[in-house]
Amino acid sequence: MADRRSYPSRRLGAASLPASERVIYECPPGMMATIEHLQVASTHTGNETFRMWHVRQNEATALSNALFYDYTIAAKSYLHEEGLLYLTPGERIVASAGNADRITLTIYGTEQ
């Protein structure tokens, strides 16, 4: 198998976050995924909160798998997180916002 760094990074998933939990990205069967960047943008004029989880296959969202929990993002600002997060088949990134359609989440990385 080729080195993970030899795969080009691309947008794996993006969504305007709903108030209820939504799968933003799920690693497909037979693949491995590396998430390299997360971009969270507030598209509203007031402060907003969001939650994000890294959920393993056959698990539900829980405090124990939260990446961000009731995280406040300032009006018309963004959060850019870099680092490596490895996902195996069936693992997913799930997110929700305090108010629907006021925060956008974009996930960048590779699948191999």
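If you're wondering where the values come from, they're calculated on a predicted model, not measured in any experiment.

Peer 1: Which parts of the structure should I look at to understand the overall build of the protein chain?
Peer 2: Looking only at helices and strands, one finds 0 helices and 8 strands in the protein chain. Along the chain direction, N to C, the helices and strands of the protein chain fall in the order β-β-β-β-β-β-β-β. Its C-alpha atoms give the protein chain a radius of gyration of 14 Å, within 12% of the compact-globule value 13 Å for 112 residues. Each of the 112 residues in the protein chain was classed as buried or not, and the buried ones make up 37%. In the protein chain, the share of contacts with a sequence separation of at least 24, taken over all contacts with a separation of at least 6, comes to 81%. For the protein chain, the distance from the average site of its 10 positive side-chain charges to the average site of its 12 negative ones is 3 Å.

Peer 1: Help me out: how do you make sense of the environment of Pro-8 in this one?
Peer 2: Mapped onto the elements, Pro-8 comes out in the segment before strand E1 (10-16). Classification of Pro-8 by relative accessible area gives exposed; the value is 65%. Taking the C-alpha atoms as reference, Pro-8 lies 9.9 Å from Gln-112; in sequence the two are 104 residues apart. Residue contacts for Pro-8: discarding those within four places in its chain leaves Gly-109 and Thr-110.

Peer 1: So what exactly am I meant to see when it comes to the packing of aromatic side chains here?
Peer 2: Remark: the centre distance and the inter-plane angle together describe each pair of aromatic rings, the angle taken between the planes. For the coordinates displayed, the defined rule picks out 4 aromatic pairs. Taken together, a centroid distance of 6.5 Å and an interplanar angle of 80° make the contact between Trp-53 and Tyr-69 edge-to-face. Placement of the pair is Trp-53 in strand E4 (residues 48-55) and Tyr-69 in strand E5 (residues 66-73), with a sequence separation of 16 residues. Taken together, Phe-50, Phe-68 and Tyr-71 form an aromatic cluster joined through their ring pairs.

Peer 1: What exactly am I supposed to notice about the side chain of Ser-96 here?
Peer 2: Structurally, the position occupied by Ser-96 is in strand E7 (residues 92-97). If near-sequence neighbours (up to four positions away) are discounted, Ser-96 is found in contact with Leu-17, Pro-18, Ala-19, Ser-20, Glu-21, Phe-50, Arg-51 and Trp-53.

Peer 1: Just to check I follow, could you spell out the nonpolar core for this structure?
Peer 2: Soluble globular proteins tend to pack their nonpolar side chains together in the buried interior. Leu-17, Val-40, Phe-50, Met-52, Leu-105 and Ile-107 are the most contacted members of the largest nonpolar core, which totals 22 residues. Counting only elements with at least two residues in this core, the list comes to E1, strand E2 (22-26), strand E3 (33-42), E4, E5, strand E6 (78-87), E7 and strand E8 (103-111). The dominant element in this core, judged by the number of residues it contributes, is E3, at 4 residues. Excluding anything up to four places from it in sequence, Ile-107 contacts Arg-10, Arg-11, Leu-12, Gly-13, Ile-24, Tyr-25, Ile-35, His-37, Leu-38 and Ile-93.

Peer 1: How should I be thinking about the sheet that holds E8 in this particular structure?
Peer 2: Strand pairing in a sheet takes place through backbone hydrogen bonds and is either antiparallel or parallel in direction. The 4 strands lie next to each other as E1-E8-E3-E6, forming an open sheet whose pairing is antiparallel. Whereas interior strands pair on both sides, the edge strands pair on one side only; in this sheet they are E1 and E6. With strand direction ignored, the average angle separating the axes of adjacent strands in the sheet is 20°. Pairing between E1 and E8: 6 bridges, direction antiparallel. Residue pairing for E8: Ala-15 is matched across the bridge by Leu-105.

Rules used throughout
- Here the residue index of a chain counts from 1 through its sequence in written order.
- Given that this is a predicted model, residues contribute local features only at a pLDDT of at least 70 and side-chain atom pairs are listed and counted only at 80 or more, while totals for whole chains, interfaces and linings are drawn from all residues.
- With hydrogens and water set aside, each side-chain value is computed from the structure's full complement of heavy atoms.
- Helix numbers and strand numbers start at the N terminus; a helix is a DSSP run of H or I with at least 4 residues, a strand a run of E with at least 2.
- Our radius of gyration looks at C-alpha atoms and nothing else; its globule reference is 2.2 Å times the residue count to the power 0.38.
- Relative accessibility thresholds used throughout: buried, under 20% of the residue-type maximum; exposed, over 50%; partly exposed, between the two (1.4 Å probe, protein chains only).
- By definition, residues are in contact when any of their heavy atoms lie within 4.5 Å.
- Counted as positive: Lys and Arg. Counted as negative: Asp and Glu. His and the chain ends are not counted at all.
- Positions of charges follow a simple convention, taking NZ of Lys, CZ of Arg, CG of Asp or CD of Glu.
- Note on aromatic pairs: the rings of Phe, Tyr and Trp (six-membered ring only in Trp) are paired at centre separations within 6.5 Å, and the planes decide the class, stacked below 30 degrees, edge-to-face beyond 60, tilted for the rest.
- To form a nonpolar core, buried Ala, Val, Leu, Ile, Met, Phe, Trp, Tyr and Cys residues must be joined to one another through side-chain atoms within 4.5 Å.
- One bridge is not enough; two strands pair if DSSP finds at least two bridges between them.
- Only C-alpha atoms enter the line fits that serve as axes; for helices the fit covers just the stretch in contact. Angles between N-to-C directions range over 0 to 180 degrees.

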